[in-house]
Amino acid sequence: MKLSNLGRIATVAVAAIAIGLMAAPALAQAPTPPAPTPNKGDTAWMLTASALVLLMTVPGLALFYGGLVRTKNMLSMLMQVFACVCMVCIIWVVYGYSMAFTEGTSFNPFFGGFSKAFLAGVTPESNVETFTDGVVIPEYVYICFQMTFAAITPALIVGSMAERMKFSAIMLFLALWVTFVYFPIAHMVWYWAGPAATVGAGKALAAATGDAKVAAQTAMDAVVANAGIAFQWGALDFAGGTVVHINAGIAGLMGALVVGKRVGFGREAMPPHSLTMTLVGAALLWVGWFGFNAGSALEAGGTAALAMINTFVATAAAALAWMLAEKIFKGKPSLLGGASGAVAGLVAVTPASGFAGPMGAIVLGVVAGFVCMFFCSAIKNALRYDDALDVFGVHCIGGIIGAIGTGFLAAPSLGGTGVFDYTAGKIADYDMAAQVIIQCKVVALTLVWSGVGSLVLFLIVKMIVGLRPGTDQEREGLDLVDHGERAYNY
Amino acid sequence: MKLVTAIIKPFKLEEVRSALTDLGLQGMTVTEVKGYGRQKGHTEIYRGAEYAVSFLPKVKIEVVVPSGTVDKAVEAIVRTARTGQIGDGKIFVSPIDHAVRVRTGETDDSAI
């Protein structure tokens, strides 16, 4: 691989981290620097960010979704999100973290290995690299931070099949889904050898002469190849536009199609039972999202601050855009529209949050607000599928807008940060067209992997336990049928 | 004895109650109901889903009055519940055969 390509590929600053590989064999002659120790500020921020992301899911997402269903299904919604988080936390430490963030075998471009299953070898002294050469955070906090991402992504899916899917089927599906879809996609997009190995190999290559050049190039190629497939392409996804939102959104669409429409869909009124809850949930999502986006910098510094301000302004712009679109096309701006717009903006800014400038983020938010609003009303109604809580229309469509938009907005000419070249130690020249094409490729990769994978998994679950309760049970409501309790006893 | 059933706008309940109390009536039963007449409903929009809501919230007052008081009671309700807009409600008057006060066993006019 040419050095010029290497720079861009190796420099993609996404929320991933190196797991070891501090020195490739060919670099043995380089002097070994003292092992870096975590900065307490970085560590404190990442502990906080991890807790904030959990807040997004429980109670944020649970209340956002819960308010949107009918009274008889309120608890089922809260329960599905809550139980999903609990289950994925356990799966994550058993094998999920290892599958996502360790070096795999011959399938390394697609998923990792099992060397850290049961968190083997991780101690309070273990550290992982951030995106800066020589900066580390404790591995346990990194595991926790990424655990919360693994937990919220499957929880997003359940909104598509709300009010009509058996609890047992949901739990089985989500366990399979994180294993065969989420962990591989996270590995493809976020796993790389890390800054130290890349910088070291780059320096060795620059210093090498004559025959040593070939060996140094081989070592460099090995470092570059030790990354997920999308990372090798040079895809930019700061906090999970592809990994979290497109991934969950397309899975939700598959769920809505395989599970089928709710009984009475299109004939009976199914208004949200409490938009008050929905706003509380949406607001908690917004607050928690600062941990999600700013935490994805993995350090408490300027990039985190950039992600934070982008998470403020893109969200506000998208909420205003959705409300304005409603005012224009439907006559009245609604609270649900504002809350939905805020979530669409949060989704869209997620991949761009550490790359775009604040003005770019506002543009991104406005586009997401308008397009998602149009999608959730006109297009969804025309296609007549029952994506109950608009997981596809908000998360997948918003995610695609964000992922492709990142290719434009990362450009320094549009106020973006550009991409740091670890080999040259500076911001690389930015080729917008090439980056947008790469972004489209990673979007397509996610849509295909998650779309096909989810479809197959839904069909498997349908064969094993069945997907739906009986029609009478569905009319009675999942709260009583699945959980034997009611949300409100006046 | 007559049963006066009035269906009125919810925010008018307190005025109506006050007017009926001024007539010396000592009790009433109030129910939150939904329905429609000439006043049509409205449309609610939740993202892409639009619902026509035909049934509007109203309050139903039931009060049993001595036959001699019924005209005054009806007049008091009309006077206080009216806004002049469609949807002000209706009043129905029907005969009552018999009434008993549970605590004392008193019957008819002395029971109401």
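Worth saying up front: this structure is predicted, and the values here are computed from it rather than measured. (Residues numbered from 1 in each chain as written. Chains lettered and ligands numbered in written order. Predicted model: local features only at pLDDT ≥ 70, side-chain atom pairs only at ≥ 80, totals over all residues.)

Student: Any details on the nonpolar core? Residues and values, ideally.
Tutor: Among the nonpolar cores identified, the biggest contains 170 residues, and Val81(A) and Ala318(A) are the most heavily contacted of them. With residues up to four places along the chain from it excluded, the contact list for Ala318(A) reads Gly341(A), Ala342(A), Ala344(A), Gly345(A), Ala348(A), Gly365(A), Val366(A), Ala368(A) and Gly369(A). Counting 14 residues, the second largest nonpolar core, distinct from the first, contains Ile8(B), Val16(B), Leu20(B) and Ala81(B). (Core = buried A, V, L, I, M, F, W, Y, C linked by C-beta atoms within 7 Å. Buried ≥ 20, exposed ≤ 12 C-beta atoms within 10 Å, placed from the backbone. Contact = placed C-beta atoms within 7 Å.)

Student: Please provide a residue-by-residue account of the pairing of strand 2 (residues 29-35) of chain B, values included.
Tutor: Residues in a regular strand project their side chains so that they alternate between the two faces of the sheet. Residue and element names in this part refer to chain B. Judged by how many residues are buried, strand 2 sits mostly at the surface: zero of seven residues are covered. Two elements, strand 2 and strand 5 (residues 56-65), share seven bridges in a ladder whose sense is antiparallel. Across the sheet, residue glutamate 32 finds its bridge partner in strand 5, namely valine 59. (Helix = DSSP H or I, 4+ residues; strand = E, 2+ residues; numbered from the N terminus. Pairing = 2+ DSSP bridges.)

Student: A description of the interface of chain B and chain A should follow, citing residues and the corresponding values.
Tutor: Contact residues are listed per partner, giving seven residues for chain B and 13 residues for chain A. Elements that contribute at least two residues to the side of chain B that touches chain A include exactly strand 3 (42-46) and strand 4 (49-53) of chain B. Considering each element in turn, the side of chain B that touches chain A owes the most residues, three residues, to strand 3 of chain B. Split by residue class, the side of chain B that touches chain A holds four nonpolar, one polar and two charged. (Nonpolar A, V, L, I, M, F, W, Y, C, P; charged D, E, K, R; others polar.)

Student: How would you sum up helix 9 (residues 241-259) of chain A? Please name residues and give values.
Tutor: Residues and elements named next belong to chain A. Between the first and last C-alpha of helix 9 there are 25 Å, a value that for 19 residues agrees with the 27 Å anticipated at 1.5 Å per step. Counting buried positions over the 19 residues of helix 9 gives 17, a clear majority of the element. Glycine 260 sits one or two residues past helix 9 and shows a positive phi near 95°. (Expected span 1.5 Å × (residues − 1).)

Student: I'd love a proper account of the environment of Ser50(A), names of residues and values included.
Tutor: Residue and element names in this part refer to chain A. Relative to the helices and strands, serine 50 resides in helix 2 (residues 40-68). Taking the number of C-beta atoms within 10 Å as the measure of exposure, serine 50 has 23 and is therefore buried. Put simply, serine 50 and cysteine 144 are 94 residues apart on the chain and 6.3 Å apart in space, counted from C-alpha to C-alpha.

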